[in-house]
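Architecture at a glance
Each chain, letter by letter, is given below.
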Number of protein chains: 2
Amino acid sequence: MDKKKLVIIGGGFAGLNVAKKVDKSMYDVVILDRNNYHSFPPLFYQVASSGLEPASISFPLRREVTRRCYRGCSFHMGEVKSIDCACKTVSTRFETLHYDVLVIAAGTTNNFFGIADLEKHVFTLKSTPEAIRCRNEVLDRLERASLCSDPERRRSLLTFLVVGGGPTGVEIAGALGEMKRFVLPREYPGISPDDVKVILVEGTDRVLHTMSEDSSGKACEALRQLMVDIRLGQTMKSYADRTVTFADGTTLRADTVIWTAGITGVGFKLEGTEVKASFGGRFEVDEFNAVKGLDDVYAIGDISLAMSEKYPKGHPQVAQVAIQQGRRLAENLNRPDRREPFEYRDKGSMATIGRNRAVADMGKMHLHGRIAWMAWMFIHLISLLGMRNRMVVLVNWIWNYFTFSTGLRLLFRPNRYPLRSYWDE
Amino acid sequence: MDKKKLVIIGGGFAGLNVAKKVDKSMYDVVILDRNNYHSFPPLFYQVASSGLEPASISFPLRREVTRRCYRGCSFHMGEVKSIDCACKTVSTRFETLHYDVLVIAAGTTNNFFGIADLEKHVFTLKSTPEAIRCRNEVLDRLERASLCSDPERRRSLLTFLVVGGGPTGVEIAGALGEMKRFVLPREYPGISPDDVKVILVEGTDRVLHTMSEDSSGKACEALRQLMVDIRLGQTMKSYADRTVTFADGTTLRADTVIWTAGITGVGFKLEGTEVKASFGGRFEVDEFNAVKGLDDVYAIGDISLAMSEKYPKGHPQVAQVAIQQGRRLAENLNRPDRREPFEYRDKGSMATIGRNRAVADMGKMHLHGRIAWMAWMFIHLISLLGMRNRMVVLVNWIWNYFTFSTGLRLLFRPNRYPLRSYWDE
């Protein structure tokens, strides 16, 4: 029997787990990704806050697929331009691939809810380059502020607004709070830490609203200890001329707005079909993760939307769901006759707010403080791809912990023209 | 007696050594740099060849100046736009600083010898962002080639031309040779290593012509073992439409040209004076490193030109000269009445060509092979700023040595628009 061609869009947790577990004697597997590396979103905020090198939370996909468990998989770099379900092809800028079975695991990107020009002016944390940029911008503000004599301009330069009280928002706000508390006094004599404002804005009535009330409260406490100004039930309406306008009409001058308030599936048009992405830009799937209305096209991970009684709005968009969906899908592809529906085993969720501060919900158990923080570090460390990365991250964490500092406040900004000329191409 | 204002342009080896050694009870010291970090040029090529993270060969200048030996120094980030020797001021985009004593230690940048459009199309290794870019471009070529069916296009994508047979050229050519030999076969099944051409072009009759004949020969040998095609007595005339034209009229199609053939001082106009940069864009200085024709303006490091009997064309533009000039200048500034002329103590020079291969000249002694390689690693490791960096670099080197691989083949390319919009600003 000749092999089927399996194309997987996305080298994240979801995609890699399909590739790993699927039977290569049944399928020819191609992993497509716009980047040549696998990245680890839970730690983007640490790149943005100068805690880790981007390289240590990224892993070259070609290196990954040389591992035995991937034997029979090949990697192609390219950004998907179009998917044609009638001809069963996926096209990137460089090639057109035929597929027998297609797995869409492309994840999500930022959602600006159509707020005009927001994308141009806010900084985001949904990819490694975005995180690097955020780091650069924050460092740039501090440098400029330390040379700025105009008090109003200075206040604006030193106001860091984080929009969105989810894990990412809480974690980056906490990291900025720590920078204000531990790094500034030592390294920026020109800036009085009191001039630095870190503000966290959340639309609902509590931060981390996917977690327990208990954990939300503890997180708020920890953030307040880091002098983070938390504003609940507040949503942002517009941002122009360095001025944020909120739904209640109040305004705020801030040179730096970090947007973590919304995500949406990476939009693909499925040509030759009527199927469209559902809300949140996610593709509606059945219990086997098959995109509804299509055969041989599956969606897993953040971009999939499997609505059930337990999860009427679909599963949470977290790594665990992606991993478990990837594995289950691979099993089902390996024995099409005996498919089993996907069921999510919730292993809990956690968030960290600076040194020794974290919250974790595991079923009925709610941890916080140092234990939760240790657990958080351990789980993130083992989830990283590559031993080298784990070692380097550990070295950095230990270093940062004992020096109360971060070694990586480096403003790597391409020096004008030559760089852009290529990227413009 | 009130303190003099000492402004140092450049946080490299030269500038930092002045700041460190100068008497802060006599001088108020400001270190000006266009970046917020100190970088380590000798290892840029390892960034470009995916061997090291840029972060591990860079060190935040603010962190550095918190050290005791710098107490009394402050750091300002900014690129110098103009120097006015009449009013004794230095201006950046953000501020204008008055100086009593000015030290120019801004180093050098690429020299394209006026070859049209070269800057747009070649890749260079004179700064961290340039090295990152070079890494990205090389990785990009490999990805494209592995998806390219047109044989001619493919050949061009896989031809890597290195122009300039100095240490940087030799080292990057060697690193590419190793990538071809060890990495490609494993990770790029779509590319046959034989299709990859690494070509090193040098204008003189030997590579490393600042070193001994002996070392040049050994370096050539090592490069040839890595299948690097060395072309001596060959100079490049133009590069357009992906085609290089050499002085002898021959042409070569190559998508990737790495230019290490020329450097020139970072050009400053010294307003209010007749003084101009001399050849190589370097400022002519006397034996005390004072810029000829100016009092209270000094130049040290790569940008200075001190001609003597022993060095009719000035000192070699290497870290050791910069360090020694910085220290001597500081001593002279501390006791203006008993100044001593600068004398360069040559500690030798070295270059490495991949694993276990290096050459080193120390006075009469010429080392090569593994011993030289070990010496090279040791000396570069201890020259790095920051213990954390040394640890991370060591981890990486050990890792790369035993895996015959480099963990950092990561194509971190800013994802279009939002990033550029900032840099364009």
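First, a word on what this report is: a plain description of the structure on this page. (Residues numbered from 1 in each chain as written. Chains lettered and ligands numbered in written order. Predicted model: local features only at pLDDT ≥ 70, side-chain atom pairs only at ≥ 80, totals over all residues. Heavy atoms only, no water.)

1. Digging into the interface of chain B and chain A
Applied cut-off: Contacts are assigned to residue pairs with any non-hydrogen atoms lying within 4.5 Å of each other. What counts as buried area is the accessible surface, traced by a 1.4 Å probe, that two parts surrender upon association, with contributions from both included. Salt bridges are counted wherever a side-chain nitrogen of Lys or Arg sits within 4 Å of a carboxyl oxygen of Asp or Glu. Definition of a polar contact: a pair of N or O atoms within 3.5 Å, with one able to donate and the other able to accept a hydrogen when the atoms are protein atoms, and with sequence-neighbouring residues admitted only if both atoms are side-chain atoms. Here a helix means four or more residues in a row that DSSP labels H or I, a strand means two or more in a row labelled E, and each is numbered from the N terminus.
Across the boundary between the two partners, chain B contributes 68 residues, which contact 67 residues of chain A. Taking both partners together, chain B and chain A bury about 6,400 Å²; carbon and sulfur atoms supply 59% of that area. A salt bridge links A:Arg62 to B:Glu143, with the shortest nitrogen-to-oxygen separation between them at 2.8 Å. Inspection of the region where chain B meets chain A yields 14 residue pairs in polar contact (both at pLDDT 80 or more). Going through the elements one at a time, β4 (58-60), α3 (61-65), β5 (73-77), α4 (118-121), α5 (128-145), α7 (167-187), α11 (387-403) and α12 (417-424) of chain B are the ones with two or more residues in the side of chain B that touches chain A. Among the elements that make up the side of chain B that touches chain A, the one with the highest residue count is α5(B) (twelve residues).

2. Some points on the pairing of strand β25 (residues 365-368) of chain B
Residue and element names in this part refer to chain B. Using the following cut-off: We call two strands paired when DSSP finds no fewer than two bridges between them.
Sheet topology note: the strand β24 (residues 358-362)/β25 ladder contains four bridges and is antiparallel. Considered in β25, the bridge of Met 362 is made with Met 365. Between β24 and the antiparallel strand that follows it, β25, lie two residues; Gly 363 among them carries a positive phi value of about 55°.

3. Examining the packing of helix α10 (residues 369-383) of chain A against helix α11 (residues 387-403) of chain A
Residue and element names in this part refer to chain A. Our working definition: Axes, fitted as lines to C-alpha atoms, cover a helix only where it is in contact. Angles between the N-to-C directions of the axes lie from 0 to 180 degrees. The labels follow the angle: roughly parallel below 35 degrees, roughly antiparallel above 145, roughly perpendicular from 65 to 115, and oblique for the rest. Left-handed describes a crossing whose near helix is turned anticlockwise from the far helix by less than a right angle; the clockwise case is right-handed. Three classes are used, and their members are as follows: Ala, Val, Leu, Ile, Met, Phe, Trp, Tyr, Cys and Pro are nonpolar, Asp, Glu, Lys and Arg are charged, and the others, Gly among them, are polar.
The contact between α10 and α11 brings their axes to 9 Å, and the two run at 155°. For the element pair α10 / α11, the angle class is roughly antiparallel. Like other packed secondary-structure pairs, α10 and α11 cross with a definite hand, here right-handed. For the pair α10 and α11, contact is made by Arg 370, Trp 373, Trp 376, Met 377, His 380, Leu 381 and Ile 382 and by Arg 390, Val 393, Leu 394, Trp 397 and Tyr 401, respectively. Across the contact of α10 with α11, the residue classes tally to nine nonpolar, one polar and two charged.

4. Observations regarding the relation of the copies chain B and chain A
This is how the line gets drawn: What sets the superposition is a least-squares fit of C-alpha atoms, and only residues with pLDDT of at least 70 in both copies go into it.
Under the fitted operation, chain B is carried onto chain A by 0.0 Å of movement along the axis and a turn of 180°, and the coordinates agree to an RMSD of 0.0 Å. Such a turn and shift between the copies fits a two-fold axis.

5. Some remarks on the sheet that holds strand β26 (residues 365-368) of chain A
All names here are of chain A. Spatially, β24-β25-β26 is the arrangement adopted by the three strands of the open sheet, whose pairing is antiparallel. Since the sheet does not close on itself, it has two edges, and those belong to β24 (349-352) and β26, each with one partner. Averaged over all neighbouring strand pairs, the angle between strand axes comes to 10°, with direction disregarded. The pairing of β24 with strand β25 (residues 358-362) spans four bridges and is antiparallel. Bridging from a neighbouring strand, Met 350 pairs with Ala 360 of β25. Contacts from helix α8 (residues 213-225) reach β25 and β26, with the element oriented near 175° to β25. Running over the sheet, α10 touches β24, β25 and β26 and is turned about 105° from β24.

6. Details of α11(B)
Here is the rule: Under the convention used throughout, the expected extent of a helix is 1.5 Å for every residue step, that is, one less than its residue count.
Between its first and last C-alpha, α11(B) extends 24 Å over 17 residues, near the 24 Å set by a 1.5 Å rise per residue. In this structure, the buried residues of α11(B) make contact with α11 of chain A together with α2 (44-48), β4 and α10 (369-383) of chain B.

7. Let's talk about the sheet that holds strand β6 (residues 80-84) of chain B
Residue and element names in this part refer to chain B. Reading across from one edge, β8-β7-β6-β19 is the order of the four strands in this open sheet, with mixed pairing throughout. In the strand order of this sheet, the two ends are held by β8 (96-98) and β19 (270-271), each with one partner. With four bridges joining them, β6 and strand β7 (residues 89-92) adopt antiparallel strand pairing. Paired with Ile 83 across the bridge in β7 is Val 90.

8. Side note on a nonpolar patch on the surface
All names here are of chain A. Defined as follows: The patches described consist of residues with a relative accessible area above 30% and no salt bridge, like charges being joined within 9 Å and nonpolar side chains (Val, Leu, Ile, Met, Phe, Trp, Tyr) within 5 Å. Accessibility throughout is a Shrake-Rupley quantity obtained with a 1.4 Å probe, and a residue counts as covered only by protein chains that appear here. Three exposure classes are used, based on accessible area relative to the maximum for each residue type with a 1.4 Å probe and protein chains only: buried under 20%, partly exposed in between, and exposed over 50%.
Together, Phe 378, Ile 379 and Ile 382 make up a nonpolar patch on the protein surface, roughly 280 Å² of accessible area in all. Along the chain, Ile 379 falls in helix α10. You can call Ile 379 partly exposed: its relative accessible area is 32%.

9. Regarding unusual backbone geometry
Of note in the backbone geometry, A:Asp241 takes a positive phi value of approximately 50° without being a glycine. Along the chain, A:Asp241 falls in the loop between β15 (236-240) and β16 (243-246). Its identity is not glycine, yet B:Lys88 carries a phi of approximately 55°, on the positive side. Mapping B:Lys88 onto the fold places it in the loop between β6 and β7.

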